[in-house]
Amino acid sequence: MKLHTHVLLEHHPCYTEAARDDSGRMHLAVAPQCNLGCRYCERAIGAHANLIGGPGAAGRVLTPAEAATRVDGLYAEGWLRVVGIAGPGEPLANSATLETLHLVHQAHPDLILCLSTNGLELEATLPELLDAGLDSLTVTINTTHPETAAQLYDWAVIEGDRTVGPLAAAEVLSRQWRGLAAAVRAGLLVKVNSVLIPGITDTDVESVAQRAGAIGAHRHNIMPLIPRGRMRDRCAPTPDELEHARNQCERWLPQFRACTQCRADAIVPPLGAKGHVPCGTFG
Ligand code: CLF
């Protein structure tokens, strides 16, 4: 780790809304494989990604060397502050993730390195992530209850074995919370993402905020369901429902309210930048 947590917090555009004026970010789509069957997710790689958009979408998977070269190019423009790996699959189910972090950290140790994970392999991988220079971490945790988790996850690959059913869901949940606690103990800047799904997680997100706040997470980002995948027929929460959930959870953990649910290859210059490339993606 390179910077103190309060400095990271101040400059990271996914933790502090005002930081979006000065801090640009990019995602490196180096991680296509996944180890968790989330019913609300739909991966899209290639031309199809433009139709789906959002998390899980990327025009192309990059090799670590290609990704590092693209960081070099944007770094030279002077606005890049955060480099994240967020898919299009699960970053910690792909060896390219660690390799890419190492390459970027060696070339640009001043950049904030970020990662978004489902948490399944977080506890086991944490020493290597710290060694690779990781600064900030998001864990997607939607519930504290195994019964709810059983409605969200169809399968999980745990220690090399593909498992299904309620026992798999309970193990997923246990690993996510253990991983979160380990990341906080390690001194990383840590955020929890929760997907707000009316009728499934809407009654659970406050318990997520309460538990994550007690553990020491720094932010909570409640994201509205994008109806897709096996949840394509469900309704997204209304803006009022989203606001209500965020207000409930704010009692326990500061809320981040400016998430754009960006793609795995997103490029987002700072809002205040003049003359830079517009918000876009790598094809
Ligand atoms: Fe990327 Fe995520 Fe890091 Fe941000 S995104 S890995 S914390 S650098 Fe940000 Fe995008 Fe929302 Fe994520 S707007 S989906 S919260």
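Placed above this text is the structure.
Let us look at the structure shown here. Note that the structure is predicted; figures quoted are calculated from it, not measured.

1. Considerations on the packing of aromatic side chains
By the definition in use, this model includes zero aromatic pairs. Over the aromatic face of Trp-155 sits the side chain of Arg-162, whose NZ or CZ is 4.3 Å from the ring centroid. The ring of Trp-177 carries the charged tip of Arg-211 above its face, separated from the ring centre by 4.4 Å.

2. Some words on the sheet that holds strand β8 (residues 153-158)
Read across the sheet, three strands follow the order β2-β8-β9 without closing on themselves; strand pairing throughout is antiparallel. In this open sheet, the two edge strands, each paired with only one partner strand, are β2 (36-38) and β9 (161-164). Adjacent strand axes in the sheet meet at a mean angle of 20°, parallel and antiparallel pairs treated alike. Here β8 runs beside β9; their pairing, made up of four bridges, is antiparallel. Looking across to β9, one finds that Trp-155 is bridged to Val-164. Contacts from helix α7 (residues 166-185) reach β2, β8 and β9, with the element oriented near 65° to β8.

3. Considering the environment of Ala-58
Mapped onto the secondary structure, Ala-58 falls in strand β4 (residues 57-58). Other than its neighbours up to four places away in sequence, Ala-58 contacts Ala-29, Ala-44, Ile-45, Gly-46, Ala-49, Pro-88, Arg-263, Ala-264 and Asp-265.

4. Quick word on the side chain of Asp-265
When you line up the elements, Asp-265 lands in the loop between α9 (239-250) and β12 (266-268). Here the side chain of Asp-265 touches Gly-59 through a polar contact of 2.8 Å, landing on its backbone nitrogen. At 2.8 Å, the side chain of Asp-265 forms a polar contact with the side chain of Arg-263.

5. Re the site of the ligand
With respect to spatial proximity, 14 residues lie near the ligand, and among them Cys-14, His-27, Cys-114, Cys-259 and Cys-262 are the closest. Among the elements of the structure, β1 (24-27) and β6 (112-117) are those that each provide at least two residues to the shell around the ligand. Across the shell around the ligand, the residue classes break down as five nonpolar, seven polar and two charged.

6. Considering helix α4 (residues 95-107)
Compared with the 18 Å implied by 1.5 Å per residue over 13 residues, the 19 Å span of α4 between its first and last C-alpha is a close match. Along α4, the residues classified as buried are Ala-96, Thr-97, Leu-98, Thr-100, Leu-101 and Val-104. Summarising the contacts, the buried residues of α4 are in contact with α3 (64-75), β5 (80-85), β6 and α5 (122-131).

7. A short note on the nonpolar core
By size, the foremost hydrophobic cluster in this structure holds 65 residues, and its most contacted members are Leu-28, Tyr-40, Val-83 and Leu-129. Top contributing element to this core by residue count: α7, with eight residues. When sequence neighbours within four positions are dropped, the list of residues in contact with Leu-129 reads Leu-92, Leu-98, Leu-101, Leu-115, Leu-122 and Leu-134. Of all hydrophobic cores here, the second largest spans 10 residues; its members include Leu-8, Leu-9, Leu-189 and Phe-256.

8. Digging into the pairing of strand β7 (residues 136-140)
The buried fraction of β7 is high, at five of five residues. Of the two faces of β7, the one holding Ser-136, Thr-138 and Thr-140 and the one holding Leu-137 and Val-139 are both buried throughout. In this structure, β6 lies alongside β7, joined through four bridges in parallel fashion. By the bridge assignment, Ser-116 is partnered in β7 with Thr-138. Taking the sense of rotation as the criterion, the β-α-β connection linking β6, α5 and β7 turns out right-handed.

Reading guide: rules and limits
- Residues numbered from 1 in each chain as written.
- Predicted model: local features only at pLDDT ≥ 70, side-chain atom pairs only at ≥ 80, totals over all residues.
- Heavy atoms only, no water.
- Phe/Tyr/Trp six-rings, centres within 6.5 Å; stacked < 30°, edge-to-face > 60°.
- Lys NZ or Arg CZ within 6 Å of the ring centre and 35° of its normal.
- Pairing = 2+ DSSP bridges.
- Helix = DSSP H or I, 4+ residues; strand = E, 2+ residues; numbered from the N terminus.
- Axes fitted to C-alpha atoms, helices over the stretch in contact; angles between N-to-C directions.
- Contact = heavy atoms within 4.5 Å.
- Polar contact = N/O pair within 3.5 Å; in protein donor to acceptor, adjacent residues only side chain to side chain.
- Near = heavy atom within 4 Å.
- Nonpolar A, V, L, I, M, F, W, Y, C, P; charged D, E, K, R; others polar.
- Expected span 1.5 Å × (residues − 1).
- Buried < 20%, exposed > 50% of the residue type's maximum accessible area, 1.4 Å probe, protein only.
- Core = buried A, V, L, I, M, F, W, Y, C linked by side-chain atoms within 4.5 Å.
- Right-handed = clockwise from strand over helix to strand, strands pointing away.

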